[in-house]
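# Reading the structure
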Amino acid sequence: MNLLSVTNTLDPAWGGPVELLRSIASALVQAGHEFHIITMDDARAPWLANYICSVTALGPSKGRYAYNAKLIPHLQQIVSKYDAVIAHGLWTFPTTAASEAISGTNVPLFIYAHGDCSPYYLRPWSATSWKKRLYYKFKIAPVLARAKGLLFISEEEYRQSFESYKPSIGARLLTRYGISPPSFDRAFYTGNMTRTAL
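Since we're looking at a predicted model, the values are computed, not measured. Residue positions are given per chain, counting from 1 as you read along its sequence in written order. Selection of residues for local features in this predicted model requires a pLDDT of at least 70, selection of side-chain atom pairs for listing and counting requires 80 or more, and totals for whole chains, interfaces and linings are taken over all residues. Just so you know, side-chain values use all the structure's heavy atoms and leave hydrogens and water out.

## Quick word on the pairing of strand E1 (residues 2–7)
Accessible area is worked out with a 1.4 Å probe on protein chains only. A residue is then buried under 20% of its type maximum, exposed over 50%, and partly exposed in between. The way it works is that DSSP assigns letters per residue, a run of H or I at least four long becomes a helix, a run of E at least two long becomes a strand, and they are numbered from the N terminus. Within E1, 5 of the 6 residues are buried, which leaves it mostly tucked inside the rest of the structure. As paired strands, E1 and strand E2 (residues 34–42) are joined by 6 bridges and run parallel to one another. By the bridge assignment for E2, Leu3 is matched with Phe35. Of the crossover connections in this fold, the one passing from E1 over helix H1 (residues 16–30) to the parallel E2 is right-handed. Looking at chain direction, E1 and strand E4 (residues 84–88) are connected through 4 bridges and run parallel. Looking at the pairing, Ser5 lines up with Ile86 of E4. Here, any two strands with at least 2 DSSP bridges between them count as paired. When the strands point away from the viewer and the path from the first strand over the helix to the second turns clockwise, the crossover is right-handed.

## Let's talk about the pattern of salt bridges
A carboxyl oxygen of Asp or Glu within 4 Å of a side-chain nitrogen of Lys or Arg is what we treat as a salt bridge. Enumeration over the complete set of coordinates arrives at 2 salt bridges. The residue Arg44 makes a salt bridge to Asp42 at a minimum N-O spacing of 2.9 Å.

## Looking at the packing of helix H3 (residues 93–102) against helix H4 (residues 127–146)
In contact at an axis separation of 9 Å, H3 and H4 are set at 50 degrees when each is read in the N-to-C sense. In terms of orientation, H3 and H4 fall into the oblique class. Between H3 and H4 lies a crossing of left-handed hand. Facing Thr95, Thr96, Ser99, Glu100 and Ile102 of H3, the residues of H4 in contact are Tyr135, Lys139, Ile140, Val143 and Arg146. Residue polarity follows a fixed list, in which Ala, Val, Leu, Ile, Met, Phe, Trp, Tyr, Cys and Pro are nonpolar, Asp, Glu, Lys and Arg are charged, and the others, Gly among them, are polar. Here the contact of H3 with H4 is composed, by residue class, of 4 nonpolar, 3 polar and 3 charged. Lines fitted to C-alpha atoms define the axes, with helix axes restricted to the stretch in contact, and inter-axis angles between N-to-C directions lie between 0 and 180 degrees. The cut-offs work like this: below 35 degrees is roughly parallel, past 145 is roughly antiparallel, 65 to 115 is roughly perpendicular, and the gaps in between are oblique. Crossing handedness: left-handed means the near helix sits turned counterclockwise from the far one by under a right angle, and right-handed means the same turn made clockwise. Only heavy atoms enter the contact rule, under which two residues are in contact if any of them lie within 4.5 Å.

## Considering the sheet that holds strand E3 (residues 54–59)
Strand order in this open sheet of 7 strands is E3-E2-E1-E4-E5-E6-E7, and the pairing throughout is parallel. Every other strand in the sheet has two partners, leaving E3 and strand E7 (172–174) as the edge strands with one partner each. Pairwise comparison of adjacent strand axes, ignoring direction, gives a mean angle of 25 degrees for this sheet. Direction of pairing for E2 relative to E3: parallel, over a ladder of 5 bridges. Considered in E3, the bridge of Asp42 is made with Gly59. Together, E1, E2, E4 and strand E5 (109–112) form the strand contacts of H1, whose direction differs from that of E2 by roughly 155 degrees. Lying on the sheet, H3 is in contact with E1, E2, E4 and E5; it crosses E4 at an angle near 160 degrees.

By themselves, these are just geometric observations and shouldn't be taken as functional.
Okay, structure coming up:
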């Protein structure tokens, strides 16, 4: 398969989501798939050197939202050659850009939630929660409607997503976490992760 992943950063300082993407890239490349990442990092970022798969860096981008005016036109030019697109997180520009880019194509979009559906963010006393509710309703809900699936890496995260933002739109899929599998059983874990996630 020829797969494209879109993310705001590959900076290891961002923790789990970045490590998950690195592990998925490693497993899929070793399984013989083509895997390319588009990131909003600056091309000079030191963590991009000798990355495990091919990377296109379109940054620098603006703020934590990672807005980049080059992303949507770039995706629209290349997306049709991929078998699937994988985006990361709900609240950053690369995910909404990926959704817009696949519109009118047959290319499926999968989105890793990375904890962004947690009911924790819906605390009624939080100003941020109301901002997120509105953004979800008018921006994220249409994105999820176009996506093939919203992916979760734990049963608890998956379960809590149904208690979170409303309406609950689209398929929700539980996948195994993309940590490096034991070397003695690598073929088994690589094959199962590939089939589960895609």
